[in-house]
Every structure is written in C-alpha cells, then in structure tokens.
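Summary of the model geometry
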Amino acid sequence: MNSNLRKKLLGLLSAFFLCFLCTSESVHSYAALPNDVRLFTGDSSMFQLAVPVNTHASVDRPDVLQLNGLTRPTLQVAPNHSLRLSSQQSGNARLTLKLFGTIPIKTVRIQVVPGLKVIPGGQTIGVKVKSAGILVVGHHLVNVREDRRVSPGENAGIQLGDLMTHMDGVALTDISKVATMVEEAGVGKRKLDISFKRGDLTLSTKLTPAYDEEDKAWRLGLYIRDSAAGVGTLTFYAPDQGVYGALGHVITDMNTQTPIVVGSGQIVQSNVTSISKSQDGEPGEKRAHFLKESNILGNIVSNTHFGIFGKMTQNPEHSLYKEPIPVAFAEEVKEGPAEILTVVDGQQVERFKVEIVHVARQDEPATKGLVIKITDPKLISKTGGIVQGMSGSPIVQNGKLIGAVTHVFVNDPKSGYGCFIEWMLQDSGVMQKSGQPENLKAS
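Residues numbered from 1 in each chain as written. Predicted model: local features only at pLDDT ≥ 70, side-chain atom pairs only at ≥ 80, totals over all residues. Heavy atoms only, no water.

When its secondary structure is counted, the protein chain shows 6 helices and 32 strands. A buried classification covers 47% of the 443 residues belonging to the protein chain. When the accessible surface of the protein chain is totalled, it reaches about 21700 Å², and 51% of it is carbon and sulfur. (Helix = DSSP H or I, 4+ residues; strand = E, 2+ residues; numbered from the N terminus. Buried < 20%, exposed > 50% of the residue type's maximum accessible area, 1.4 Å probe, protein only. Areas by Shrake-Rupley, 256 points an atom, 1.4 Å probe, with all protein chains shown as cover.)

Structure representation (structure tokens):
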C-alpha cells in the first residue's frame, strides 16, 4: 500500500471516527460545557468530561488558572474523569480541550475577578429620601373666578412625573421655597421660568401663577412632593468599601409610579410592631416605626432598578453574621433549597427556609432573576408568605449570598421574585460592571 493511499484511508477513518464521536452522547457533554466561566480569585470549578478517550487540556495563562492543581499549562485527562479549574489571580485565560491531543473540540474563556465577600443584612430599615428637585404628582384646578377654573401648570405643558429642578434659575432643593417664589411672581404679574426633567430629557417652560379666589393665594395648579418615606430590608453591607445595598427594587412615587431621582436621603433603624398577613389577591405588609432616628445607619446616594445604595460606616446591630461571606455569580445559583434573612418581630433577624423554583439565565442586568417559594412553616404562619417591607431580604444558598427578595405574587403570596445579588453589587459600585476594565469599578 503506497503512502498516498495510506494517508487517504487514515483520513477517512479519522473523519468517520470524528463523525461518530460528534453524534455520541459523550461528546454532546462537551457542547453542554459553558463558553464562558467566571471565578472569584481562590475559587474553583469542576468540569465533568464524559468522553471515553483521553482529552488534552491546555490553558494559556497558568498564572491565572491551574488545571487539577498543577502549575504546568497542559495535561492529559483520563476517560470519564473530571477537570478542576483553580483560579490563582485576577485576569483572563483560555482553556482548550482536544481529543487525542490534535482534534479541537471546545474552547472556554475564563475570567477571574478579585474575591468578594459582604455581610448579609436582613434588618428592617426606615427609608427617608428627598428627590433631586420637586416631583409633580398631579394637576389641580385653581378657582380664578366663580365660573372659571384653570391649571397653570398643565397649561404650561408640565406633566405628572416631571421633576422640576429650577425656578427662575434657582435650584429647587426644598419644597418650602416654592410658595414664596410663586407669590412673588404672582404679585409682580410675571411668568416663572421652570426647568424640569422628563425621563432623560431636560426641558423648560414659562408658567404664569394664578390667584385662587377661594384660598386667597397664588397657585401653580400642581400637586408637588419632594420626599418619600417607607420601610424595607437591608440586603448587604460591604465593610471593605463602606457601602450598603437594600430593597432590591427601585423606589417609585406612589402617585405617578415614577422612579425617584435621589437628591439626598437616609436609612435609619426600624422596629417591626406587627404584620398584616398576605392572602390570595391581597399582599400583606410589615408595620414598623422608625427607631432612634438620630442614629442614622447610612445615607442614600442612588436609587436604581435593583434598590437603594449608599455609604455605611459599620455593620448594623442585630446582624446574624459578624464576618463577610462569599457572594455568587448569577450562573452559580441553582434551583433547590435556600434561606432568606428577615425580621418579623421587633428588630431580630431570623432565618427562614425557601425553595428556589426557577432561575432565569441572565447575561446582563435584569429584574426577576429568581422565583422563590416560602416553605418555612413559621414564616407562613406569621406572614402568610411574602409581605410588603420584606423587599431586600437577602437570599443565601450553600453559604453564599445569591440575591434579594423583590416582589410577591399577588395571587400566590407564598411565592415571589428575587434579583441576583450580582446586579445589586454592580449598582452599588462594589463589583465592576461587565465590559469595564479590571482596574475600574462602577461609581
């Protein structure tokens, strides 16, 4: 047999064997391996290689990632054995898997980021926030004469949810300033220059105050508000950064459902006095009062889709954890048992059993990442399930902080949504956002 024929036969046999492998269940297990893997420094991940032949594994950055605890960049993995990836330092690496050392069958991109631990919360907190301007929450009609009623603000094109930021060039930082400025403009028979925000747009208009013959006062024809207050739950405290996160969802104005743009704010200790139990079609709530208001726990810097965030100098009282614990990437979260931390009486944080019944695969920030079901008989007896004020309660699985409770299912209060802790950590600035250079953090 000449060499050319031998090469052709070997090529055909190789092609046949490769086609056979590619249709086998074992090689399909390769396809099930992720294309991208993220690890915190010092963590490891196991790959089960269910292939009945030797697999050649190599990594281009053994200083970032070790294979089976070895410092060399390549190794042979015996049939049906596991491959352990151990992260050494932050950076990016590429893992290549080949059959017989020659046939490439899988490439996995590995990102190793600095290790991160935070202290889970669970404490009920009082939230007091002032908007970065004056929020328009409604129109009202001014009685300019017996047979005529008008709304100057509506006539000027100002809509519900608009945020008035300046009046005659003066920043609106306090609602108490508005009445005086409106009266001066009314008496002087001049128009007010109003600057306002509508979503991402910055707009302006001129508004002529109207004199209310019934109230004997000059009016804008607008219902306005500059502050909000409520009760929620602390999710985490990051002691290394002096940062906290809470609520797990955005604070909106109750009338307009517009997200509140934070000008300033505080979180304070709060004491749960009673619980209104959830029932089908009727979510319950925690009833609580602010405690020791002079003892401010932290400030409020931002209000995002994933909660409120700000600075905090120390771990608040009643924490179940004195030391930080690891956090989980979104892809680490699994369906199965977990626990939430929350308060149902006074200030004492307790652990309660839940079941994670669905995990959404999210490659970028999005709400409703988890569906959880309350399984703890004590919590069900006390609250009926998830109640208002429980938002932000941390979810812990396998010793890692994985997320926070966000919403209750109205027709099934034992179930609700949660968000991944990763998105909260990104919004807080504790964890870098995807696509940012490794030496930068969100701010």
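After that view of the structure, there is still more to cover.
Here the structure, examined in full by the defined rule, presents 3 aromatic pairs. The interplanar angle of 5° and the centroid separation of 4.3 Å between the aromatic rings of Phe40 and Phe329 together place this pair among those described as stacked. Pair noted here: Phe40 is in strand E1 (residues 36-40) and Phe329 is in the loop between strand E26 (325-326) and strand E27 (336-343), with a separation of 289 residues, a long-range link. (Phe/Tyr/Trp six-rings, centres within 6.5 Å; stacked < 30°, edge-to-face > 60°.)

For the structure shown, the criterion picks out 16 salt bridges. We note a salt bridge from Arg38 to Glu422, for which the minimum N-O separation is 2.5 Å. Taken together, the positions of Arg38 in strand E1 and Glu422 in helix H6 (residues 421-428) put the pair 384 residues apart, joining distant regions of the chain. Given a relative accessible area of 21%, Arg38 falls into the partly exposed group. Relative accessible area serves as the criterion here: at 1%, Glu422 is assigned to the buried category. (Salt bridge = Lys/Arg side-chain N within 4 Å of Asp/Glu carboxyl O.)

Let us now look at the sheet that holds strand E30 (residues 394-397). One closed barrel holds the 6 strands; their spatial order is E27-E28-E29-E32-E31-E30, and the pairing between them is antiparallel. On average, each strand axis in the sheet is tilted by 45° relative to the strand beside it, whichever way the strands run. Where H6 meets the sheet, its contacts fall on strand E31 (400-409) and strand E32 (412-420), and the angle it forms with E32 comes to roughly 50°. (Pairing = 2+ DSSP bridges. Axes fitted to C-alpha atoms, helices over the stretch in contact; angles between N-to-C directions. Contact = heavy atoms within 4.5 Å.)

Let us look at H6. Count 3.6 residues to each turn of an α-helix, and residues three or four apart come out pointing the same way. Judged by how many residues are buried, H6 sits mostly within the fold: 7 of 8 residues are covered. Of all the residues in H6, the buried ones are Ile421, Glu422, Trp423, Met424, Leu425, Gln426 and Ser428. Phi for Gly429, located one or two positions after H6, is positive at around 90°.

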